[in-house]
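# Coordinate analysis (summary)
Here is what each chain is made of, one letter per residue.
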Number of protein chains: 2
Amino acid sequence: MADVQDSLCRAFEQVDGVGRFSVEPWERPGGGGGVTRILRSRGHVEKAAVNRSAVWGETPPRLSEVQASASRHFYATGVSIIVHPRNPHAPTFHANLRYFETDTGAAWFGGGADLTPVYLYREDAVAFHRALAEICGRHPIGDYPTWKRRCDEYFFLPHRGEARGVGGIFFDHLDDLEAAWRFVEDLGRNLGSVYLPILTRRLGTAYGDQERIWQQRRRGRYVEFNLIWDRGTRFGLETGGRTESILASLPPHARWDTDEDPPPGSPERELVDLLRGDPVDWSSVSI
Amino acid sequence: MADVQDSLCRAFEQVDGVGRFSVEPWERPGGGGGVTRILRSRGHVEKAAVNRSAVWGETPPRLSEVQASASRHFYATGVSIIVHPRNPHAPTFHANLRYFETDTGAAWFGGGADLTPVYLYREDAVAFHRALAEICGRHPIGDYPTWKRRCDEYFFLPHRGEARGVGGIFFDHLDDLEAAWRFVEDLGRNLGSVYLPILTRRLGTAYGDQERIWQQRRRGRYVEFNLIWDRGTRFGLETGGRTESILASLPPHARWDTDEDPPPGSPERELVDLLRGDPVDWSSVSI
């Protein structure tokens, strides 16, 4: 996963134009460690994190519960990516690739990629989903329709009745390891080509204070999802993971205002209405 | 609890000098309802919420687990208060008073009050704790030392190794109802006199952008505590409570920066060192 981490950091630095990712190696007392790389910049990429880790050791009690497994030892490795662009017209991007095995012989791949717009550009959602569907389509185990649905189910805020964004794919427990590895490797190498065209074409769109305020309100929703509902975040925090790496996904700023609905006909309202409605089959939408 | 709500709202409006609390009555489909009152202002009180509710109905499955009770119906009423001042030298204040009963005959009071400074003023922590200790001391069931310790234990962020603030009191399961009601009523009537002197004496202290940034970083910690660890918040969200009322406690803004420790000798570092150390017996500190 190191090459995926390096190439994405280089790509995001190029788009940003100003900042450089930190390189923070860390070790886990119980076994293993990782490299956290964070970009905080005055450029186009306000905040990004590209983290990889490989950890092993005794299975934490909560993990055995979650996996309903009798394993005593585990090994887990993965890479996670988050990009919060400065321009409110450019969507936030998140992806994760992971591999897990236990001493009871179980082993599987999981992961996903999803997009969270602050302002809705339907052509971005379509491009994102089509690119993911195309990668899935190259692999016999690829199942875009199922993974798209799982993504919609997972990235949902029940307490707001809102989707986090326009979705993407979410897969887990792929235990045909050879086929799964070929797919995960292909996805990892192409994450840049899925997201970067969308990111770069929004960077020139003008915005002002009002759009930044709306962005920070939407980032409040992102914080809520990650801290309340995201299983990976909660699992990491509750099992004593490295806080700075786990919470690297949080946006640089967030705000909570009295939550009035945006006026009908506004672009802000268009987004909210979409997120509160049924999931859209973006890969089939004509634009 | 309605009089506690009204008098605190009036007092905070006076200190604020500009804004007015909203009045948002709501009903709970399963039984009961409440009145949420929120102030968002350009004055001294950047955001405050004073909420009361009285709800009843069938005991939600998660609630019976938590209370290890076989009850089928419950009744709960309470008031909760949060004040986020604009001036970073003025601490955030939180308090909660609640009563709970079940159809199996169990009934108890709970609650507490705690203070979260952005910059540490030892005399404020001392004044806060002495005022609470004095109220506790007026009542045979008052147990300031135990409730002070429980507050330190509860308002702690394990993933940061930091206390949320300088504590206060936290009590629960007071089932001598007559004595408990006298104490809770006394506490509720005096919450203003505990906090307002501390709030008002910090409002004239000068501050600039750096202090506001530090305030927003500390508010990030407040968001983390409330969304990850606070039992009331999680219980409310997971059982379908009114989201806008539950999350009214969130600060108006928060930020997450790369988390470098403030330089030694700075006031920011003084706060962090204090929060990471053993709890202080504030009521006995000489100032």
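Residues numbered from 1 in each chain as written. Chains lettered and ligands numbered in written order. Predicted model: local features only at pLDDT ≥ 70, side-chain atom pairs only at ≥ 80, totals over all residues. Heavy atoms only, no water.

## Re the overall build of chain A
Helix and strand counts for chain A come out as nine helices and 10 strands. Here the C-alpha radius of gyration of chain A, 19 Å, is about what a compact globule of 287 residues would show, namely 19 Å. Taken over the C-alpha atoms alone, chain A extends approximately 55 × 35 × 35 Å along its principal axes. The buried share among the 287 residues of chain A stands at 58%. A separation of at least 24 residues holds for 67% of the contacts in chain A among residues at least 6 apart in sequence. Working note: accessible area of chain A is about 12100 Å², and carbon and sulfur atoms make up 50% of it. Here chain A carries 35 positive and 40 negative side-chain charges, and the mean point of each set is 3 Å from the other. (Helix = DSSP H or I, 4+ residues; strand = E, 2+ residues; numbered from the N terminus. Rg over C-alpha atoms; globule rule 2.2 N^0.38 Å. Buried < 20%, exposed > 50% of the residue type's maximum accessible area, 1.4 Å probe, protein only. Contact = heavy atoms within 4.5 Å. Areas by Shrake-Rupley, 256 points an atom, 1.4 Å probe, with all protein chains shown as cover. Lys, Arg positive; Asp, Glu negative; His and termini not counted. Charge placed at Lys NZ, Arg CZ, Asp CG, Glu CD.)

## Remarks on the sheet that holds strand 4 (residues 73–85) of chain A
Residues and elements named next belong to chain A. The strand order across the open sheet built from seven strands is 1-2-3-4-5-6-9, with neighbouring strands paired in antiparallel fashion. Unpaired on one side and paired on the other, strand 1 (24–27) and strand 9 (167–174) mark the two borders of the sheet. The mean angle between the axes of side-by-side strands here comes to 10°, regardless of whether they run parallel or antiparallel. Here four bridges tie strand 1 to strand 2 (residues 32–40), and the two strands are oriented antiparallel to one another. When the sheet's bridge partners are listed, Glu24 is paired in strand 2 with Thr36. (Pairing = 2+ DSSP bridges. Axes fitted to C-alpha atoms, helices over the stretch in contact; angles between N-to-C directions.)

## Brief notes about the pairing of strand 9 of chain A
Look at any regular strand and the pattern is simple: side chains alternate between the two faces of the sheet. Residues and elements named next belong to chain A. The buried fraction of strand 9 amounts to six of the eight residues, a majority that puts the element mostly inside the structure. When strand 6 (residues 107–116) meets strand 9, the two strands line up antiparallel, connected through six bridges. Residue pairing for strand 9: Ala113 is matched across the bridge by Ile169.

## Quick notes on the interface of chain A and chain B
Taken residue by residue, the interface counts 26 residues in chain A and 26 residues in chain B. Counting the surface lost from both chain A and chain B, the interface buries some 2400 Å², and carbon and sulfur atoms represent 56% of this. Taken together, the connections running from chain A to chain B amount to four salt bridges. We note a salt bridge from Asp257(B) to Arg40(A), for which the minimum N-O separation is 2.7 Å. The tally of links between chain A and chain B comes to 15 residue pairs in polar contact (both at pLDDT 80 or more). For the side of chain A that touches chain B, the secondary structure elements donating two or more residues are strand 2, helix 6 (209–229), helix 7 (231–238), helix 8 (243–246) and strand 10 (253–255) of chain A. Of the residues forming the side of chain A that touches chain B, the biggest block, five residues, is contributed by helix 6 of chain A. Looking at the side of chain A that touches chain B residue by residue, the class counts come to 12 nonpolar, four polar and 10 charged. (Buried area = accessible area lost by both parts, 1.4 Å probe. Salt bridge = Lys/Arg side-chain N within 4 Å of Asp/Glu carboxyl O. Polar contact = N/O pair within 3.5 Å; in protein donor to acceptor, adjacent residues only side chain to side chain. Nonpolar A, V, L, I, M, F, W, Y, C, P; charged D, E, K, R; others polar.)

## Considerations on the packing of helix 6 of chain A against helix 9 (residues 267–276) of chain A
All names here are of chain A. Where helix 6 meets helix 9, the closest approach of the two axes is 12 Å, and the angle between their N-to-C directions is 15°. Between helix 6 and helix 9, the angle falls in the class roughly parallel. For helix 6 against helix 9, the interelement crossing comes out right-handed. Within the contact between the two elements, helix 6 uses Trp214, Arg218 and Arg221 and helix 9 uses Glu268, Leu271, Val272, Leu275 and Arg276. By residue class, the composition of the contact of helix 6 with helix 9 is four nonpolar, no polar and four charged. (Parallel < 35°, antiparallel > 145°, perpendicular 65-115°, else oblique. Left-handed = near helix turned anticlockwise from the far one by under 90°.)

## A look at the pattern of salt bridges
Evaluated as defined, the whole model comprises 56 salt bridges over all chains. With its nearest N and O atoms 2.6 Å apart, the salt bridge here joins Arg160(B) to Glu244(A). One end of the pair, Arg160(B), is in the loop between strand 7 (156–157) and strand 8 (162–163); the other, Glu244(A), is in helix 8, on a second chain. Residue classification places Glu244(A) among the partly exposed residues on the basis of a relative accessible area of 22%. One network of salt bridges, with partners in common, ties together Glu162(A), Arg218(A), Arg221(A), Asp261(A) and Arg276(A).

## Focus: the packing of aromatic side chains
To describe a pair of aromatic rings, one takes the distance between the centres and the angle between the planes. On inspection of all chains with the given rule, the structure shows 34 aromatic pairs over all chains. Centroid distance Tyr154(B) to Phe170(B): 4.5 Å. Interplanar angle 20°. Geometry classified as stacked. With Tyr154(B) in helix 4 (residues 144–154) and Phe170(B) in strand 9 (residues 167–174), this residue pair connects regions lying 16 residues apart in the sequence. Looking at Phe170(B), the relative accessible area reads 11%, which means it is buried. Above the ring of Tyr121(A), the side-chain terminus of Arg202(A) is found at 3.8 Å from the ring centroid. (Phe/Tyr/Trp six-rings, centres within 6.5 Å; stacked < 30°, edge-to-face > 60°. Lys NZ or Arg CZ within 6 Å of the ring centre and 35° of its normal.)

## A look at the relation of the copies chain A and chain B
Mapping chain A onto chain B is achieved by rotating through 180° and translating by 0.0 Å along the same axis, at an RMSD of 0.0 Å. Look at the turn and shift together and you get a two-fold axis relating the two. When you check the interface residues of chain A against chain B, 100% turn up at the interface there too, and the contact is symmetric in its surfaces. (Least-squares fit on C-alpha atoms with pLDDT ≥ 70 in both.)

## What to know about the environment of Leu274(B)
Residues and elements named next belong to chain B. As for its placement among the helices and strands, Leu274 is situated in helix 9 (residues 267–276). In this structure Leu274 comes out as buried when scored by relative accessible area, which is 15%. For Leu274 and Ala11, which are 263 residues apart along the polypeptide, the C-alpha to C-alpha distance reads 31 Å. If we skip the residues at most four places from it in the chain, Leu274 touches Leu120, Arg122, Val166, Val280 and Trp282.

## Quick look at the sheet that holds strand 2 (residues 32–40) of chain B
All names here are of chain B. Read from one edge of the open sheet, seven strands run 1-2-3-4-5-6-9, paired in antiparallel fashion. Looking along the sheet, the strands with just one partner apiece sit at the ends: strand 1 (24–27) and strand 9. With direction set aside, neighbouring strand axes in the sheet form an average angle of 10°. In this fold helix 3 (residues 122–137) packs onto strand 5 (92–102), strand 6 (107–116) and strand 9, with an angle of close to 25° to the strand it touches most, strand 9. On the sheet, helix 4 packs against strand 6 and strand 9 and is oriented at approximately 105° with respect to strand 9.

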